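An overview of the molecular structure
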Amino acid sequence: RKEVEQDPGPFNVPEGATVAFNCTYSNSASQSFFWYRQDCRKEPKLLMSVYSSGNEDGRFTAQLNRASQYISLLIRDSKLSDSATYLCVVGSSYKLIFGSGTRLLVRP
Amino acid sequence: EPEVTQTPSHQVTQMGQEVILRCVPISNHLYFYWYRQILGQKVEFLVSFYNNEISEKSEIFDDQFSVERPDGSNFTLKIRSTKLEDSAMYFCASTPDTNTGELFFGEGSRLTVL
């Protein structure tokens, strides 16, 4: 089983749509969970941290289910500028592991 | 806003040559990382570094690779004898605190091995 697994997509959605991405991880001892965003040929940038209680940042909501070793990201009211690859990142203090990413394309 | 800077942005080298990629982490950060991304593939962990020693390394980080913090600001990745499959984007990252875990990435150094 891959350490961090994501559906590669692409998810092709119209502007204004709601889209959800999922991620599973294999190491139950993982302590840190994040969603990063990567634009084509650019460095990854933090989108949001993920907490057990769930957290929201504007149009973005992240959830963590430790029992199922599952993380989700919900994007509401998609914008053209949301088009990117979304990376699920899981790990511990000295080692964060990236998933392969889910590609999102938002069309006009 | 403070940022991680990497040089060179692009390096082309012949197979078998040594390459040094340089990074200047954000000044108050204590934990440093190298990741690589082969074109079209995922971001892969190479190594983490704290208190002047390696904290963790991946299977990719074999004897051909080494890291060093030669002074108070630079953090380098050396590849002793490059192979074709070392061609990738190499990202340096730093963080002030592993509890929060947010990694701040540089823009990357693209290495092309011919």
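Throughout this document, residue positions are counted from 1 along each chain, in the order its sequence is written. Chains and ligands are labelled sequentially in the order written, the chains with letters from A and the ligands with numbers from 1. Note on the predicted model: pLDDT of at least 70 is required for a residue's local features to be given, and 80 or more for side-chain atom pairs to be given and counted; whole-chain, interface and lining totals, by contrast, use all residues. Only hydrogens and water are set aside; all other atoms, that is, all heavy atoms of the structure, feed into the side-chain values.

**Brief notes about the overall build of chain B**
In this text, helices come from DSSP runs of H or I with a minimum length of four residues, and strands from runs of E with a minimum of two, each type numbered from the N-terminal end. Within chain B, the secondary structure is distributed over zero helices and 11 strands. Overall, chain B shows an N-to-C arrangement of helices and strands of β-β-β-β-β-β-β-β-β-β-β. The C-alpha radius of gyration of chain B comes to 13 Å, within 12% of the 13 Å expected for a compact globule of 114 residues. With 114 residues in all, chain B has 45% of them scored as buried. Contact between two residues is taken to exist if any of their heavy atoms lie within 4.5 Å; hydrogens are not considered. Put simply, 53% of the contacts in chain B that link residues at least 6 apart link residues at least 24 apart. Accessible area for chain B stands at about 5700 Å²; split by element, carbon and sulfur atoms hold 44% of it. Only C-alpha atoms enter the radius of gyration, while the globule expectation follows 2.2 Å times N to the 0.38, with N the number of residues. Accessible area is worked out with a 1.4 Å probe on protein chains only. A residue is then buried under 20% of its type maximum, exposed over 50%, and partly exposed in between. Methods summary: accessible areas were calculated by the Shrake-Rupley approach with a probe of 1.4 Å, and residue burial reflects only the protein chains presented.

**Comments concerning the environment of Glu3(A)**
Residue and element names in this part refer to chain A. Tracing the sequence through the fold places Glu-3 in the segment before β1 (4-6). Residue Glu-3 is classed as partly exposed on the basis of its relative accessible area of 43%. Taking C-alpha positions, Glu-3 is 5.4 Å from Tyr-25, a pair spaced 22 residues apart along the chain. Contacts of Glu-3, omitting those with residues within four sequence positions, involve Thr-24, Tyr-25, Ser-26 and Ile-97.

**Topic: the interface of chain B and chain A**
With 23 residues of chain B at the interface, the matching set in chain A holds 17 residues. Take the accessible area each of two parts loses on contact, using a 1.4 Å probe, and add the two losses: that sum is the buried area. When chain B packs against chain A, close to 1800 Å² is buried across both sides, 56% of that on carbon and sulfur atoms. Considering only the side of chain B, the residues that lose the most area to chain A are Lys42(B), Val43(B) and Phe105(B), jointly responsible for 26% of the buried surface there. Salt bridge, as used here: a side-chain nitrogen of Lys or Arg that lies within 4 Å of a carboxyl oxygen of Asp or Glu. The tally of links between chain B and chain A comes to zero salt bridges.

**Re the state of the cysteines**
Residue and element names in this part refer to chain A. For this text, the term disulfide refers to a pair of cysteine sulfurs within 2.5 Å. If you walk through the whole model with that rule in mind, you get two disulfides over all chains. Paired through a disulfide, Cys-23 and Cys-88 show a sulfur-sulfur distance of 2.0 Å. Here the disulfide of Cys-23 and Cys-88 is left-handed, its torsion about the S-S bond being about -75 degrees. Here Cys-88 lies in strand β9 (residues 84-92) and Cys-23 lies in strand β3 (residues 19-25), a separation of 65 residues in the sequence.

**Some points on the sheet that holds strand β1 (residues 5-7) of chain B**
Residue and element names in this part refer to chain B. Strand pairing is assigned whenever DSSP detects at least two bridges linking the two strands. As summarised here, the arrangement of the four strands in space is β1-β3-β8-β7, forming an open sheet in which the pairing is antiparallel. Of all the strands in the sheet, just β1 and β7 (65-68) have a single pairing partner and so form its edges. Strand-to-strand, the axes of this sheet are offset by a mean angle of 15 degrees, without reference to chain direction. Here β7 runs beside strand β8 (residues 75-79); their pairing, made up of four bridges, is antiparallel. Directly across from Ser-66, in β8, lies its bridge partner Lys-78. Where helices are involved, their axes are fitted lines through C-alpha atoms of the stretch in contact, as for all axes, and angles between N-to-C directions lie from 0 to 180°.

**A few points about the layout of surface pockets**
Only protein atoms enter the 1 Å grid used here. Points where a 1.4 Å probe fits but cannot escape make up a cavity, open sets with protein on both sides within 12 Å along at least five of seven lines make up a pocket, and a residue lines them when an atom lies within 4 Å of a point. Grid points are joined across faces, edges and corners, and a volume is the space filled by probe spheres set on the points. Computed from the structure, the largest pocket encloses a volume of approximately 580 Å³. Lining the largest pocket are 22 residues, and of these Glu43(A), Lys45(A), Glu3(B), Phe105(B) and Glu107(B) lie nearest its centre. Looking at the lining of the largest pocket, the elements that each hand over two or more residues are β5 (45-49) of chain A together with β1 and β10 (104-105) of chain B. Polarity classes work like this: nonpolar for Ala, Val, Leu, Ile, Met, Phe, Trp, Tyr, Cys and Pro, charged for Asp, Glu, Lys and Arg, and polar for all others, with Gly in that last group. For the lining of the largest pocket, the per-class residue count stands at eight nonpolar, four polar and 10 charged. Empty space within the second largest pocket amounts to approximately 380 Å³. Every element with two or more residues in the lining of the second largest pocket is listed here: β9 of chain A together with β9 (88-95) of chain B. Split by residue class, the lining of the second largest pocket holds seven nonpolar, six polar and six charged.

**Some thoughts on the sheet that holds strand β6 (residues 55-57) of chain A**
All names here are of chain A. The antiparallel open sheet is built from five strands, whose spatial order is β1-β3-β8-β7-β6. Each edge of the sheet is formed by a strand with only one pairing partner; in this case those strands are β1 and β6. Averaged over all adjacent pairs, the angle separating strand axes in this sheet is 20 degrees, with direction ignored. Sheet topology note: the β6/strand β7 (residues 60-65) ladder contains three bridges and is antiparallel. Within the sheet, the bridge partner assigned to Asn-55 lies in β7 and is Ala-62.

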